[in-house]
Amino acid sequence: MVSLSTWFRYAAHKFEYSISLSWKKYNVGQINSTELTDAIWKNFFQGKLTYTHWTKGGEAMAPIVSPTGGALLVRKLANLSPTQVFVGDVVLLKDPEKSDDLIIRRLAALEGYEMVSNDEKDEPFVLEKDQCWVLADNQALKPKEARDSRLFGPVPMTDILGRVIYSLRTAVDHGPVENSRMAMNQDAPVLAVELDVEEMAKNNKT
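No experiment lies behind these values; they were computed from the predicted model shown.

Moving on, we come to helix H1 (residues 4-27). Here H1 is 24 residues long and its end C-alpha atoms lie 34 Å apart, about the 34 Å a rise of 1.5 Å per residue gives. Among all positions in H1, only Thr6, Tyr10, His13, Lys14, Tyr17, Ser18, Leu21 and Ser22 are buried. Turning to H1, the residues buried within the fold contact helix H2 (33-46), strand E2 (70-75) and helix H5 (181-194). Downstream of H1 by one or two residues, Gly29 has phi in the positive range, about 85°.

Given below as structure tokens:
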């Protein structure tokens with residue numbers, strides 16, 4: 001049973017998302033000024049803040065993602081600002097090496113961070129505006145196996161499609177994803193309202 005305070009927090013997040021998404025569409029000319037208000041309310045009443053993504057798996061994000069794959073609940077992020085996405089978050093993003101594929105990695109640094117290599121031959125550098133650095137969780141893997149920023153470098157923030165907030169590996173092995181404390185606090189009411197484990201398990205393609 002979801003508490004009233006949780007519902008209010010969820011509604012506030014949903015309204016903020018609806019405004020951000022509709023305003024973004026207005027700024028790029030997808031909707032006009034007369035359609036803006038209708039778009040906000042349509043997103044608020046009919047839309048959701050999450051969607052399910054099925055992953056083929058792999059070793060890079062074990063144990064969050066099973067090597068055999070599973071279903072992930074992804075929170076939509078209309079605004080990829082420092083108040084919405086944080087270092088430590090697990091994100092779904094476009095594969096920098098395969099444009100038609102998606103990968104799951106953890107945010108290790110955002111714009112303005114100085115990156116220093118363990119190899120003294122590599123010069124330190126600062127991540128530019130709207131850039132981020134992503135890493136695999138499985139530290140036992142070499143960069144080529146992990147396929148993260150150690151291999152392909154900084155990634156545009158615009159390539160991030162959402163934050164992974166719940167992982168269903170099997171019908172009996174599932175749970176919330178360990179993200180940054182700020183993100184988990186923001187996502188708690190969203191999980192409480194929109195998470196449906198039975199539906200995720202029923203539709204799991206693995």
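On to the packing of aromatic side chains, then. In this structure the tally under the stated criterion is eight aromatic pairs. With a centroid separation of 5.5 Å and an interplanar angle of 35°, the aromatic rings of Phe15 and Trp41 are classed as tilted. Of this pair, Phe15 sits in helix H1 while Trp41 sits in helix H2; the two residues are 26 residues apart in sequence, bridging distant segments of the chain. Ring centres of Phe125 and Trp133 lie 5.8 Å apart, and the angle between their planes is 55°; on these two criteria the pair is classed as tilted.

The residue Leu72 is located in strand E2 in this model. Through-space distance from the C-alpha of Leu72 to that of Ile31 is 31 Å; in sequence the pair is 41 residues apart.

The next subject is H5. Across its 14 residues, H5 extends 20 Å between first and last C-alpha, which sits within 8% of the 20 Å expected from 1.5 Å per residue. If you look at H5, its biggest bend is around 40°, right at Asp187, and the proline Pro189 turns up within four residues after that. For H5, the complete set of buried residues consists of Ala183, Gln186, Asp187, Pro189, Val190, Leu191 and Glu194. Tucked into the core, H5 has its buried residues touching H1, strand E1 (50-55), E2, strand E9 (160-170) and strand E10 (173-176).

Okay, the side chain of Ser81 next. By the element assignment, Ser81 lies in the loop between E2 and strand E3 (90-94). Taking relative accessible area as the criterion, Ser81 reaches 14% and is therefore assigned buried. Separated by 2.8 Å, the side chains of Ser81 and Thr83 make a polar contact.

Okay, a nonpolar patch on the surface next. A grouping of Phe15, Ile19, Trp41 and Phe45 is seen on the molecular surface, where their side chains present a nonpolar patch of about 410 Å² in accessible area. At the level of secondary structure, the elements contributing two or more residues to the nonpolar patch comprise H1 and H2. Look at Trp41 and you get partly exposed, because its relative accessible area is 40%.

Next up on the list: the confidence of the model for the protein. Summing up the model confidence of the protein, the mean pLDDT is 92 and the portion of residues at 70 or higher is 99%. Ranking the elements of the protein by mean pLDDT puts helix H6 (residues 197-202) last, at 89, and H5 first, at 97.

Right, let's get into unusual backbone geometry. Residue Pro63 is reached from Ala62 by a cis peptide bond, and omega for that bond is 5°. Turning to its location among the elements, Pro63 is positioned in the loop between E1 and E2. Not every positive phi belongs to a glycine, and Asp130 is a case in point at roughly 65°. Position of Asp130 among the secondary structure elements: in the loop between strand E6 (125-126) and strand E7 (131-135). A relative accessible area of 39% places Asp130 in the partly exposed class. Unlike most non-glycine residues, Arg147 shows phi in positive territory, near 50°. Tracing the chain through its elements places Arg147 in the loop between helix H3 (143-146) and helix H4 (149-152). Under the relative-accessibility criterion, Arg147 is labelled buried at 18%.

Once that is clear, we can look at the packing of H1 against H5. Orientation of H1 relative to H5, taken along the N-to-C sense of each, is 105°, at an axis distance of 9 Å. It follows from the interaxial angle that H1 and H5 lie roughly perpendicular. For the pair formed by H1 and H5, the contact residues are Thr6, Trp7, Arg9, Tyr10 and His13 on the first element and Asn185, Gln186, Pro189, Val190, Ala192, Val193 and Glu194 on the second. Broken down by class, the residue content of the contact of H1 with H5 amounts to six nonpolar, four polar and two charged.

Cut-offs applied
Residues numbered from 1 in each chain as written. Predicted model: local features only at pLDDT ≥ 70, side-chain atom pairs only at ≥ 80, totals over all residues. Heavy atoms only, no water. Helix = DSSP H or I, 4+ residues; strand = E, 2+ residues; numbered from the N terminus. Expected span 1.5 Å × (residues − 1). Buried < 20%, exposed > 50% of the residue type's maximum accessible area, 1.4 Å probe, protein only. Contact = heavy atoms within 4.5 Å. Phe/Tyr/Trp six-rings, centres within 6.5 Å; stacked < 30°, edge-to-face > 60°. Bend = angle between axes of the 7 residues up to and from the residue. Polar contact = N/O pair within 3.5 Å; in protein donor to acceptor, adjacent residues only side chain to side chain. Patch = residues over 30% accessible without salt bridge, like charges linked within 9 Å, V, L, I, M, F, W, Y side chains within 5 Å. Areas by Shrake-Rupley, 256 points an atom, 1.4 Å probe, with all protein chains shown as cover. Salt bridge = Lys/Arg side-chain N within 4 Å of Asp/Glu carboxyl O. pLDDT = per-residue confidence, 0-100. Axes fitted to C-alpha atoms, helices over the stretch in contact; angles between N-to-C directions. Parallel < 35°, antiparallel > 145°, perpendicular 65-115°, else oblique. Nonpolar A, V, L, I, M, F, W, Y, C, P; charged D, E, K, R; others polar.

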